[in-house]
Amino acid sequence: DGDVYKYYADGEWKKSSSGKAVAITNPTTRTTQYKVQACTQQEVNKVMEIAKIAQKSWAKTPLWKRAELLHKAAGILKEHKIPIAEALVKEIAKPAKDSLTEVVRSGDLVSYCAEEGVRILGEGTFLVSDSFPGNERTKYCLTSKIPLGVVLAIPPFNYPVNLAVSKIAPALIAGNSLVLKPPTQGAVACLHMVHCFHLAGFPKGLISCITGKGSEIGDFLTMHPGVNCISFTGGDTGIAISKKAGMVPLQMELGGKDACIVLEDADLDLVAANIVKGGFSYSGQRCTAVKVVLVMESVADEVVEKVKSRMATLTIGRPEDDCDITPVVSESSANFIEGLVMDAKEKEATFCQEYKREGNLIWPLLLDNVRPDMRIAWEEPFGPVLPVIRIASIEEGIHHCNASNFGLQGCIFTNDINKAMLISDAMETGTVQINSSPARGPDHFPFQGIKDSGIGSQGITNSINMMTKVKSTVINLP
Ligand code: G3H
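Here goes a summary of the coordinates provided. (Residues numbered from 1 in each chain as written. Predicted model: local features only at pLDDT ≥ 70, side-chain atom pairs only at ≥ 80, totals over all residues. Heavy atoms only, no water.)

## Details of the packing of helix α2 (residues 63-79) against helix α5 (residues 162-173)
At their nearest, the axes of α2 and α5 sit 9 Å apart, and the two run at 155 degrees to each other. Classified by the angle their axes make, α2 and α5 are roughly antiparallel. Contacts between α2 and α5 involve Leu-63, Arg-66, Ala-67, Leu-70 and Leu-77 from the former and Val-165, Ala-169, Leu-172 and Ile-173 from the latter. For the contact of α2 with α5, the residue count by class is eight nonpolar, no polar and one charged. (Axes fitted to C-alpha atoms, helices over the stretch in contact; angles between N-to-C directions. Helix = DSSP H or I, 4+ residues; strand = E, 2+ residues; numbered from the N terminus. Parallel < 35°, antiparallel > 145°, perpendicular 65-115°, else oblique. Contact = heavy atoms within 4.5 Å. Nonpolar A, V, L, I, M, F, W, Y, C, P; charged D, E, K, R; others polar.)

## Regarding the pattern of salt bridges
Within the structure shown, the criterion is met by 22 salt bridges. Asp-130 serves as the salt-bridge partner of Arg-137, at 3.5 Å between the closest nitrogen and oxygen. Residue classification places Asp-130 among the partly exposed residues on the basis of a relative accessible area of 35%. In this structure, the salt-bridge partner of Lys-347 is Asp-343, at a minimum N-O distance of 2.7 Å. A residue is classified by how much of its surface remains accessible, and Lys-347, at 27% relative accessible area, is partly exposed. Taken together, the salt bridges that share partners define one network made up of Glu-297, Asp-301, Asp-368 and Arg-390. (Salt bridge = Lys/Arg side-chain N within 4 Å of Asp/Glu carboxyl O. Buried < 20%, exposed > 50% of the residue type's maximum accessible area, 1.4 Å probe, protein only.)

## Details of the site of the ligand
What surrounds the ligand is the set Arg-105, Asn-158, Tyr-159, Leu-163, Glu-253, Arg-286, Cys-287, Thr-288, Ala-439, Arg-440 and Phe-447. A distance of 2.7 Å separates an oxygen atom of the ligand from a polar side-chain atom of Asn-158. In isolation the ligand has 310 Å² of accessible area, and contact with the protein removes 97% of it. Partitioned by chemical class, the residues of the shell around the ligand number five nonpolar, two polar and four charged. (Near = heavy atom within 4 Å. Polar contact = N/O pair within 3.5 Å; in protein donor to acceptor, adjacent residues only side chain to side chain. Areas by Shrake-Rupley, 256 points an atom, 1.4 Å probe, with all protein chains shown as cover.)

Pasting the structure below:
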């Protein structure tokens, strides 16, 4: 049983009493790469109990000390970037260089979070009563930000490390304890990342990492009475969680169908470069990927040609070889993507390349002349397939964008800043990028989706604030 990675609780690495394991399939080889413990509901209960106790003393630990430990963890994380990146390559088929970048970016995020935390949590407010009608100056109100308690963090497979630390670091600096449920694909990278926090010397029980089957412990975790906040990134599961969760603050980042609106006056080389980068990096498996191009008819032929020639330079193959396009995360994901492609084929979209698939590896594909009756016009492939819809007016583009059930990000390409601002105001998304493809980072920028794309706002500052609550003390004078 030595080859099953242990889970982390109470400052120790443990085997589950279930005696069972969850297999992690390498998307490239489609064979079992690693195994992790299939934890039980009793083990979840135990973790929650310990997290609650550990949080009490952590909240009393001076803020500067909490920050110091986070800085230490950030340094260790960066020192461990090679083995963690190797796990990402094997578990989620992320290209080798991007895997390294994910870990380094995560270390930087943890450090930034420590710095931001000491600043914003070091301040409170002071109010006096006589500004409100009918009051004398007899009440002084002091406020500060206090932790929520136990934060449950559930990151997705596409950034198992980075989207875990973007929840862990704000939770810890704010004085919360943290229970991490990693995605199955990416669990080993997460365990290794947690090991870095362990080495940094955080108190026992403050951080736990519990692995297992969603069907066994998923709902049990998210509906657990010991949880005081849930921060989730992923797909539709988030909608189910938000319906079942109790009276706790939720931070949800779900899917997207980010539109790229191209106007006639845009720099078309910049457009093409951003469509390829935005649409195909990590094989389109980013919630912020460009997922539909809405291009003005008059420049559409030129844009499509420029995108096609750039796509021809993309390398396709193994993540170990740092190819641009690598196998998508699972066979079911590849089948779903193929379903969207076949639907577009039946409905006569123009295939700019031949559709090709080997195992989970799907060749990058641009679909031109997509119409609203095709599934790909609305659904999120989470793969290297990008639809182009030709539009006759800006209004048509905005209408398509806003008719989506998603509202994460969008982008506009034009040299007319006035038009760009008007379109940005009209787009119902959490963020609009002008003259660049959508992206979450830099990680201190606010990041949020509306409609089915999410609840609340992320980004370092917003996450710290979200994981705290205002506490008031009022001094009443006679
Ligand atoms: O997949 C969702 C991520 O939050 C997107 O992050 O824009 O840095 O790729 P990214």
